[in-house]
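Chains, contacts and geometry: an overview
Chain by chain, the residues run as shown.
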Amino acid sequence: MRTATISRNTKETRIEVEINLDGTGAYDVATGVGFFDHMLEQLARHSLIDIKIRAEGDTHIDFHHTVEDVGIALGQSLALALGDMSGITRYADTHLAMDEALTRCALDVSGRPFLVWQVEFPRPKVGDFDTELFEEFFRAFAMNAGITLHIANLYGSNCHHIAETCFKAVARTLRKAIEVDPRQAGRVPTTKGQLGG
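Throughout what follows, the structure given in this document is the object of discussion. (Residues numbered from 1 in each chain as written. Predicted model: local features only at pLDDT ≥ 70, side-chain atom pairs only at ≥ 80, totals over all residues. Heavy atoms only, no water.)

The next thing to look at is the nonpolar core. Counting 61 residues, the largest nonpolar core has Ile 19, Phe 134, Phe 137, Phe 138 and Leu 149 as its most contacted members. For this core, the element with the highest residue contribution is helix 4 (residues 159-177), accounting for ten residues. Apart from the residues lying within four places of it in its own chain, the contact partners of Leu 149 are Cys 105, Ala 106, Leu 107, Phe 114, Leu 115, Val 116, Phe 138, Ala 142 and Val 170. (Core = buried A, V, L, I, M, F, W, Y, C linked by side-chain atoms within 4.5 Å. Buried < 20%, exposed > 50% of the residue type's maximum accessible area, 1.4 Å probe, protein only. Helix = DSSP H or I, 4+ residues; strand = E, 2+ residues; numbered from the N terminus. Contact = heavy atoms within 4.5 Å.)

With four bridges connecting them, strand 3 (residues 27-30) and strand 4 (residues 50-57) associate as parallel partners. Pairing of Asp 28 across the sheet is with Lys 52, part of strand 4. After leaving strand 3, the chain enters helix 1 (residues 34-47) and then returns to the sheet as strand 4, a path that is left-handed. (Pairing = 2+ DSSP bridges. Right-handed = clockwise from strand over helix to strand, strands pointing away.)

Looking at the secondary structure, you find Asn 20 in strand 2 (residues 13-20). When residues no more than four places from it in sequence are discounted, the contact partners of Asn 20 are Met 1, Arg 2, Thr 3, Leu 48, Ile 49 and Asp 50.

Moving on to the environment of Ala 73. On the secondary structure map, Ala 73 appears in helix 2 (residues 64-82). Residue classification places Ala 73 among the buried positions, given a relative accessible area of 0%. Sequence-wise, Ala 73 and Phe 141 are 68 residues apart; in three dimensions their C-alpha atoms are separated by 7.7 Å.

One pass over the structure, following the stated rule, counts one cavity of 30 Å³ or more. Volume-wise, the largest cavity comes out at about 60 Å³. Mapped onto the lining of the largest cavity, the elements with two or more residues apiece are helix 1 and helix 2. Of the residues contributing to the lining of the largest cavity, the split by class is eight nonpolar, one polar and no charged. (1 Å grid on protein atoms, 1.4 Å probe; cavity = no way out; pocket = protein on both sides within 12 Å on 5 of 7 lines; lining within 4 Å. Points joined across faces, edges and corners; volume = space filled by probe spheres on them. Nonpolar A, V, L, I, M, F, W, Y, C, P; charged D, E, K, R; others polar.)

Another point: the pattern of salt bridges. Counted according to the given criterion, the structure contains ten salt bridges. Across the pair Lys 125 and Asp 130 runs a salt bridge, and its minimum N-O distance is 2.5 Å. Residue classification places Lys 125 among the partly exposed residues on the basis of a relative accessible area of 40%. Look at Asp 130 and you get partly exposed, because its relative accessible area is 22%. (Salt bridge = Lys/Arg side-chain N within 4 Å of Asp/Glu carboxyl O.)

A word on the pairing of strand 5 (residues 91-98). Alternating positions in strand 5 separate cleanly, Ala 92, Thr 94, Leu 96 and Met 98 being buried on one face and Tyr 91, Asp 93, His 95 and Ala 97 remaining unburied on the opposite face. Two elements, strand 5 and strand 6 (residues 101-108), share eight bridges in a ladder whose sense is antiparallel. What sits directly across from Tyr 91, in strand 6, is Asp 108.

Take helix 2 next. For helix 2, built from 19 residues, the straight-helix expectation of 27 Å at 1.5 Å per residue is met to within 8% by its first-to-last C-alpha distance of 27 Å. Where helix 2 terminates, the next one or two residues include Gly 83, which has phi positive at roughly 60°. (Expected span 1.5 Å × (residues − 1).)

Looking at the element boundaries, Arg 175 is found in helix 4. With a relative accessible area of 31%, Arg 175 lands in the partly exposed category. Residues Arg 175 and Leu 43, 132 residues apart in the sequence, show an inter-C-alpha distance of 9.9 Å. Not counting chain neighbours up to four residues away, the residues in contact with Arg 175 comprise His 46, Ser 47 and Leu 48.

Looking now at the sheet that holds strand 2. Ordered by their spatial adjacency, four strands build an open sheet running 1-2-4-3, and the pairing between neighbours is mixed. Each edge of the sheet is formed by a strand with only one pairing partner; in this case those strands are strand 1 (3-9) and strand 3. Direction aside, neighbouring strands of the sheet carry axes that sit 5° apart on average. Bridge count for strand 1 against strand 2 is seven bridges, and the pairing is antiparallel. (Axes fitted to C-alpha atoms, helices over the stretch in contact; angles between N-to-C directions.)

Now the structure itself:
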């Protein structure tokens, strides 16, 4: 079973994450940040990873700590559930359209964390959510999941659509990359014998 549970408790946040990589995209998300919940639900639904998240944070200050720490815990849970990454497809990419917005995602489940973020938002907020926090989330997620993650918004004018194409593109790409490839016969997909730094 490719499942994991992570608890993260600091003076700023208390977070519980449960995932099942071989799920159906079921989600049960409550972070106290409405738009962020909506994006995490898209991540679950379109990756087919079952995700349960409970987060309490110092949102009376702002949403930064909650968003970043959820990214950390979610990334750690992905790495734990993947184990030594035997049998996975490893590489994948996606172009995802939503109305006027188009976003490209490519990733390598490599054990070597890196984020390339080429996304600009025409406004600083979506509702009460700071658009700069999307990069913070994906950086925390990639660094703790141990994945090389490239996200580029090619065009778009609506901040909601740009954000949603990022999450859905990552979801679809993750779905393909972590899929078990029967031709791998349980091997780790590298000539080095193991993945990681």
